[in-house]
Each structure stands twice: as structure tokens, then as C-alpha cells.
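The lines below spell out each chain.
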Amino acid sequence: MRFIRMYLGGESGEPGLTLYEIDAIGWVHRQVQIHAGGSRFAPEEILMQRPVNPEYMASHPAADEIEAAEFERLWSEIEGCRSFRDRLPDPGLSWEGWIGHRDGALRLLWQPNMAPATPAWTRVPGFNTLYCQGDALKVREIQRSLFLERPIHWCTAVPQAA
């Protein structure tokens, strides 16, 4: 993974900072825009479903590449304020859920303390602790559903140890 911090202002010209976690082929796994009015996270407020060019981004005069530890430190300072957490009954507990979809239900797992034990769950880009049952196509559908604020039906999950 590559971690890029970009100092670009918001649409109104106020100072701003954007953090990116990008994999080797250019897919953004975590992204947040931080500005005076608050923070915007992907995929709740920002929908990015195509690869980016990390080489170009890192070479931008307003950007610098940072270490994973620095990214995690910054991420941990702001992740607690993301709007998705308001959609969970209790973000500190494990939950299973589903979102209605034209092809049936999309299954979710919120597991804040450990990764799921089975490979059937795929981490949803944008999160450390949200998983989807299915492949990359299902993950993109989950991202679109979160962006569109489709209802999530939650029930208590039994934590699954890795």
C-alpha cells in the first residue's frame, strides 16, 4: 500500500487535507477529505470506483507520501467521527446486516475487534472493520449502497475469531 497526504483546499477555497491509502494497482482503499467544515469519507460521501494514478498523485506539489504508521495515526484521530458509525446500533459491538438489492440481499459484517475467520468475507474499501460477503463486484455494490444511504438491517453478530 501507498499512503498519500494531499494539501488541497475545499470547493470554497478553505484549507484542506486529503488522505489516501492506495494499493499497487491504483485502487483507493481508504480516503478522507478533512476541511474546516468537517470530514468526508469514502464511500459514504465520496464514491470512487475506479483506480487512480498514485505516481502522478505522489508527484503533485501539494502532496507527500507518508509512512503507514503516520497514515494510521491520522486515520485513528478522525475515523470516530465518520457518518457511517451513526448507522450502527453500537460501533463497539459486532453486527451482521443486509441491504436490499435488485439481485437479493447484500450481506455485511461489522467486526470492530478482529477480522472474520472465513474467506467468504471481503473487507469493504473505506473501512478497517466492515466486511461484505462476496467478490469484488459485491463490494462495489456495497459501496454504492452506502453512498446512496440505502437502509441497513442489523442484528447482533457472534464475533468470529480469525
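For the structure itself, look to the data block above.
Residues numbered from 1 in each chain as written. Predicted model: local features only at pLDDT ≥ 70, side-chain atom pairs only at ≥ 80, totals over all residues. Heavy atoms only, no water.

Asks: Which residues make up the overall build of the protein chain, and what are the values?
Replies: Tallying secondary structure elements over the protein chain gives three helices and 10 strands in all. Helices and strands appear in the protein chain in the N-to-C order β-β-β-β-α-β-α-β-β-β-β-α-β. Viewed in the frame of its principal axes, the protein chain has a C-alpha envelope of about 45 × 30 × 30 Å. In the protein chain, which comprises 162 residues, the proportion classed as buried is 41%. Nonlocal contacts in the protein chain, meaning residues at least 24 apart in sequence, comprise 54% of its contacts between residues at least 6 apart. Approximately 8,500 Å² of the protein chain is accessible, and the part contributed by carbon and sulfur atoms is 55%. The distance from the centre of the 16 positive side-chain charges to the centre of the 21 negative ones in the protein chain is 5 Å. (Helix = DSSP H or I, 4+ residues; strand = E, 2+ residues; numbered from the N terminus. Buried < 20%, exposed > 50% of the residue type's maximum accessible area, 1.4 Å probe, protein only. Contact = heavy atoms within 4.5 Å. Areas by Shrake-Rupley, 256 points an atom, 1.4 Å probe, with all protein chains shown as cover. Lys, Arg positive; Asp, Glu negative; His and termini not counted. Charge placed at Lys NZ, Arg CZ, Asp CG, Glu CD.)

Asks: Can you explain the pattern of salt bridges? Please cite residues and give values.
Replies: Opposite charge on two side chains permits pairing when their charged atoms draw close. Here the structure, examined in full by the defined rule, presents 13 salt bridges. Across the pair Glu44 and Arg82 runs a salt bridge whose closest N-O atoms are separated by 2.8 Å. Remark: Arg82 occurs in the loop between helix H2 (68-78) and strand S6 (95-99) and Glu44 occurs in the loop between strand S4 (38-41) and helix H1 (54-59); sequence separation between them is 38 residues. Both residues of the pair, Glu44 and Arg82, belong to the buried class. Here Arg144 ties to Glu141 by a salt bridge, and the two come within 2.6 Å at their closest N and O atoms. Of this pair, Arg144 and Glu141 both sit in helix H3 (residues 136-147), three residues apart, which is roughly one turn of the helix. A residue is classified by how much of its surface remains accessible, and Arg144, at 27% relative accessible area, is partly exposed. Residue classification places Glu141 among the buried positions, given a relative accessible area of 9%. (Salt bridge = Lys/Arg side-chain N within 4 Å of Asp/Glu carboxyl O.)

Asks: Which residues make up empty space enclosed by the protein, and what values do they have?
Replies: All told, the structure shown has one cavity of 30 Å³ or more when counted by the stated rule. In this structure, the largest cavity occupies an estimated 60 Å³ of space. Looking at the largest cavity, the residues that line it are Val28, His29, Gln31, Ala42, Pro43, Met48, Pro125, Gly126 and Gln143. Element by element, the count of residues in the lining of the largest cavity is highest for strand S3 (residues 28-35), at three residues. Broken down by class, the residue content of the lining of the largest cavity amounts to five nonpolar, four polar and no charged. (1 Å grid on protein atoms, 1.4 Å probe; cavity = no way out; pocket = protein on both sides within 12 Å on 5 of 7 lines; lining within 4 Å. Points joined across faces, edges and corners; volume = space filled by probe spheres on them. Nonpolar A, V, L, I, M, F, W, Y, C, P; charged D, E, K, R; others polar.)

Asks: Tell me what's going on with the side chain of Ser145, and back it up with residues and numbers.
Replies: Inspection of the secondary structure puts Ser145 in helix H3. Since its relative accessible area comes to 0%, Ser145 is described here as buried. Residues in contact with Ser145, not counting those within four places in the same chain, are Ile99, Leu106 and Arg150.

Asks: Tell me about the sheet that holds strand S9 (residues 130-133), and please be specific about residues and values.
Replies: Strand order in the open sheet made by the five strands is S8-S9-S7-S6-S10, with antiparallel pairing throughout. Whereas interior strands pair on both sides, the edge strands pair on one side only; in this sheet they are strand S8 (121-123) and strand S10 (153-156). Geometrically, the sheet is characterised by an average inter-axis angle of 30° between neighbouring strands, direction not taken into account. Sheet analysis places S6 next to S10, joined by four bridges and oriented antiparallel. Bridging from a neighbouring strand, Trp95 pairs with Thr156 of S10. (Pairing = 2+ DSSP bridges. Axes fitted to C-alpha atoms, helices over the stretch in contact; angles between N-to-C directions.)

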